[in-house]
Amino acid sequence: MLLPALLPTPLVDCTDEAFARAGVELRLKRDDLLHPSVPGNKWRKLAPNLAAAVEQGHTRLLTFGGAYSTHLRAVAAAAGALGLESVGLVRGEELAGRPRNWSLRAAEECGMRLEFLTRTAYREATGRAGAGDGAEPQRRWGPCLVLPEGGSNALAATGAAAIPAELPDLGARDVVCCPVGTGGTLAGIAAGLPPGARALGVAVLRGGEGYLEEEVTRLHRAGFGREFDNWRIDHAHHGGGYGKVPAELAAFAGEFERRHGIPVERRYVAKLLAALADLAGAGAFPRGTRLTAVVTGLPDPR
């Protein structure tokens, strides 16, 4: 096992007027409490990959991320705890000579070596890694296990498939929901659902229509040897694009925190919760639906 973790994570009923008016129940799967430095879906996706790395004798991990990537920090923390080296390829060569932001500094403090790439080189490198080609990174940075951007691969999806098993009495009235960045968590949830239950992903990036659906389908084939038809992705609540948090979304998250006493991560979880509130208010869910929102991560430090 990767690191000691709180499993199963708490499941909290969330009485909320916006959902109650629509005849919809809301509960929160508190995966943000799973681990302090490798939280939520990062732990679930990394755990099977790191178990494989140790079993195969790898001593170095290599992965990818942007300037504020939670995935980079999580890989750095997990690798450090296991005594493995880690290399993070960061999008944006202009960052190399600048003072480290809090996120990149945290990754380096855990022992990660950062390499900064031009956006073109980054796209090429992540594309090869996503296709399972780790030859070029290994030629440049030495023998390593290459993890794709966001950590979403077949093993990651199998890790996320454990989430539905921690939800009692799932049935035809249930929709298990998560934010979608690279598709691994949604793929795992959909694969782990019992008959009748459905999965809903909320895209946090702009322009992902078609591409994200293809990614989830690819992960299903690679991780489970089949496709599933019990899921869909909402593309209308990305807030303007990846990493963008418009004022209206920030206000929604702040009000949700005040009402329920639960901290809300802005770039992923806030978009999920705002989308569910909007969809419920628009009558998108039949009355009697029970929504389970997977809280995939912690808020950034303020």
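See the structure shown above.
Residues numbered from 1 in each chain as written. Predicted model: local features only at pLDDT ≥ 70, side-chain atom pairs only at ≥ 80, totals over all residues. Heavy atoms only, no water.

Peer 1: I'm lost on the overall build of the chain in this one. Help?
Peer 2: Scanning the chain for helices and strands turns up 11 helices and 10 strands. The C-alpha radius of gyration of the chain comes to 19 Å, within 12% of the 19 Å expected for a compact globule of 302 residues. Seen along its three principal axes, the alpha-carbon backbone of the chain occupies a region of about 55 × 40 × 35 Å. Going through the 302 residues of the chain one by one, you find that 55% of them count as buried. Considering only contacts in the chain between residues 6 or more positions apart, those separated by 24 or more positions represent 74%. Counting only carbon and sulfur atoms, one obtains 52% of the accessible surface of the chain, whose full area is about 13000 Å². Mean positive and mean negative side-chain charge positions of the chain (35 and 33 charges, respectively) differ by 2 Å. (Helix = DSSP H or I, 4+ residues; strand = E, 2+ residues; numbered from the N terminus. Rg over C-alpha atoms; globule rule 2.2 N^0.38 Å. Buried < 20%, exposed > 50% of the residue type's maximum accessible area, 1.4 Å probe, protein only. Contact = heavy atoms within 4.5 Å. Areas by Shrake-Rupley, 256 points an atom, 1.4 Å probe, with all protein chains shown as cover. Lys, Arg positive; Asp, Glu negative; His and termini not counted. Charge placed at Lys NZ, Arg CZ, Asp CG, Glu CD.)

Peer 1: I tried to follow the packing of helix α2 (residues 40-55) against helix α3 (residues 70-82) on my own but got confused; where do I start?
Peer 2: Closest axis-to-axis distance for the α2/α3 pair is 11 Å, and the angle between their directions is 40°. Taken together, the axis directions place α2 and α3 in an arrangement best described as oblique. The hand of the α2/α3 crossing is right-handed. On the side of α2, the interface is formed by K42, L46, L50 and V54, while α3 contributes T70, H71, A74, V75, A78 and L82. (Axes fitted to C-alpha atoms, helices over the stretch in contact; angles between N-to-C directions. Parallel < 35°, antiparallel > 145°, perpendicular 65-115°, else oblique. Left-handed = near helix turned anticlockwise from the far one by under 90°.)

Peer 1: Sorry, what's going on with the packing of aromatic side chains here?
Peer 2: Two measures describe an aromatic ring pair: the distance that separates the ring centres and the angle between the ring planes. Enumeration over the complete set of coordinates arrives at 5 aromatic pairs. Measuring from centroid to centroid gives 6.2 Å for F64 and Y122, while their planes differ by 85°, and the two rings are edge-to-face. You can see F64 sitting in strand β3 (residues 60-65) and its partner Y122 sitting in helix α5 (residues 119-130), a full 58 residues away along the chain. Judged by relative accessible area, which is 0%, F64 ranks as buried. (Phe/Tyr/Trp six-rings, centres within 6.5 Å; stacked < 30°, edge-to-face > 60°.)

Peer 1: Even after reading the chapter, I still don't get the sheet that holds β3, so can you show me in this structure?
Peer 2: Hydrogen bonds between backbone atoms are what pair the strands of a sheet, whose relative direction is either parallel or antiparallel. The parallel open sheet is built from 4 strands, whose spatial order is β5-β4-β3-β6. Whereas interior strands pair on both sides, the edge strands pair on one side only; in this sheet they are β5 (112-117) and β6 (145-146). Here β3 runs beside strand β4 (residues 85-91); their pairing, made up of 6 bridges, is parallel. Bridge pairing links G65 to V90 in β4. (Pairing = 2+ DSSP bridges.)

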